[in-house]
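Given next are the chains, with one letter for each unit.
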Amino acid sequence: MKRTIFVVALSIAGFIAVWRFEPGPPVQNAAAQAPPAVVAPSTSVPKPTSTAPSAPSTSAGGPTGGTSSSAPPPSSTPDSADATVTTQGTPEWSTYGTVQVQVTFTGSRMAAITLLQAPDGGRALTALPKLQEEAIKAQSAKIDTVTGATETSESYKTSLQAAIDARGNR
């Protein structure tokens, strides 16, 4: 009987500890933010120095027409049907962490979606790859949320839509 009371008391104490647990603030991975700064300038800086003075004026005309200041410049002129343009979505915060995407367009199609910021754990680890796959298939931000990761899904879709809108402004 004494063991039973002891086991029940410890079980209740353990339950209360788990019930009151609150995870700490999300940790942002600095390495995930480095590629856009490194990749974008390396593709656009050499072009003006290696071409005639008239070429920079045509490639400089594309980014100035856009209103998004956070998006890297396109790697080729936006007038071309097969131009490759990379845009960034807005960072979207949720209870589980910040989500930000970068979308690479080839012509008018989404060729790749890269996560610049993502939550480190939880259901986001399984939800984000599913969301990326569905967005590429749908070629849109109008995709279903992942059950159990609703906040992360909504943050992903909002950031993705911002990146798509930034492409439309170019």
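The rules behind the values
Residues numbered from 1 in each chain as written. Predicted model: local features only at pLDDT ≥ 70, side-chain atom pairs only at ≥ 80, totals over all residues. Heavy atoms only, no water. Buried < 20%, exposed > 50% of the residue type's maximum accessible area, 1.4 Å probe, protein only. Helix = DSSP H or I, 4+ residues; strand = E, 2+ residues; numbered from the N terminus. Pairing = 2+ DSSP bridges. Expected span 1.5 Å × (residues − 1). Arc of directions from axis to C-beta. Axes fitted to C-alpha atoms, helices over the stretch in contact; angles between N-to-C directions. Left-handed = near helix turned anticlockwise from the far one by under 90°. Contact = heavy atoms within 4.5 Å. Nonpolar A, V, L, I, M, F, W, Y, C, P; charged D, E, K, R; others polar. Phe/Tyr/Trp six-rings, centres within 6.5 Å; stacked < 30°, edge-to-face > 60°. Lys NZ or Arg CZ within 6 Å of the ring centre and 35° of its normal. Salt bridge = Lys/Arg side-chain N within 4 Å of Asp/Glu carboxyl O. Polar contact = N/O pair within 3.5 Å; in protein donor to acceptor, adjacent residues only side chain to side chain.

1. Notes on the pairing of strand β1 (residues 84-88)
Part 1 of the reasoning: Counting buried positions along β1 yields four of five residues, so the element is predominantly enclosed.
Part 2 of the reasoning: With five bridges connecting them, β1 and strand β3 (residues 97-106) associate as antiparallel partners. Residue T84 lies in a different strand from β3, and its bridge partner there is T106.

2. Things to note about helix α5 (residues 124-138)
Part 1 of the reasoning: For α5, which comprises 15 residues, the first-to-last C-alpha distance of 20 Å matches the rise-based estimate of 21 Å (1.5 Å per residue) to within 8%.
Part 2 of the reasoning: A124, A127, L128, L131, Q132 and A135 are the residues of α5 that are buried. Buried positions in α5, seen along its axis, are confined to an arc of 135° and lie on one side of it. Opposite the buried face of α5, by more than 90 degrees, sit the exposed residues L125 and K137.
Part 3 of the reasoning: Just beyond α5, the residue with positive phi is Q139, at close to 55°.

3. A closer look at the packing of α5 against helix α6 (residues 150-168)
Part 1 of the reasoning: Closest axis-to-axis distance for the α5/α6 pair is 10 Å, and the angle between their directions is 40°. The element α5 and its partner α6 pack so that their crossing is right-handed. Here A124, L128, L131, Q132 and A135 of α5 lie close against α6, whose contacting residues are T152, S153, Y156 and L160.
Part 2 of the reasoning: Here the contact of α5 with α6 is composed, by residue class, of six nonpolar, three polar and no charged.

4. Quick notes on the packing of aromatic side chains
Part 1 of the reasoning: Per the stated rule, a full pass over the model turns up zero aromatic pairs.
Part 2 of the reasoning: Over the aromatic face of F105 sits the side chain of R167, whose NZ or CZ is 5.8 Å from the ring centroid.

5. Side note on the pattern of salt bridges
Part 1 of the reasoning: Counted according to the given criterion, the structure contains two salt bridges.
Part 2 of the reasoning: One salt bridge in this structure joins K137 and E133, with 3.3 Å as the shortest N-O distance. Here E133 and K137 lie together in helix α5, a separation of four residues that amounts to about one turn.
Part 3 of the reasoning: K137 sits in the exposed class, given a relative accessible area of 58%.

6. Points about the side chain of Q117
Part 1 of the reasoning: Inspection of the secondary structure assignment puts Q117 in strand β4 (residues 109-117).
Part 2 of the reasoning: A polar contact is formed between the side chain of Q117 and the side chain of Q100, at a distance of 3.0 Å.

7. Considerations on the side chain of S159
Part 1 of the reasoning: Here S159 is to be found in helix α6.
Part 2 of the reasoning: Given a relative accessible area of 0%, S159 falls into the buried group.
Part 3 of the reasoning: Here V101 takes part through its backbone nitrogen, which lies 3.1 Å from a polar atom of the side chain of S159.
Part 4 of the reasoning: Setting aside residues up to four positions removed in sequence, S159 forms contacts with G89, T90, E92, V99, Q100 and V101.

Purely geometric stuff here, so don't read any function into it on its own.
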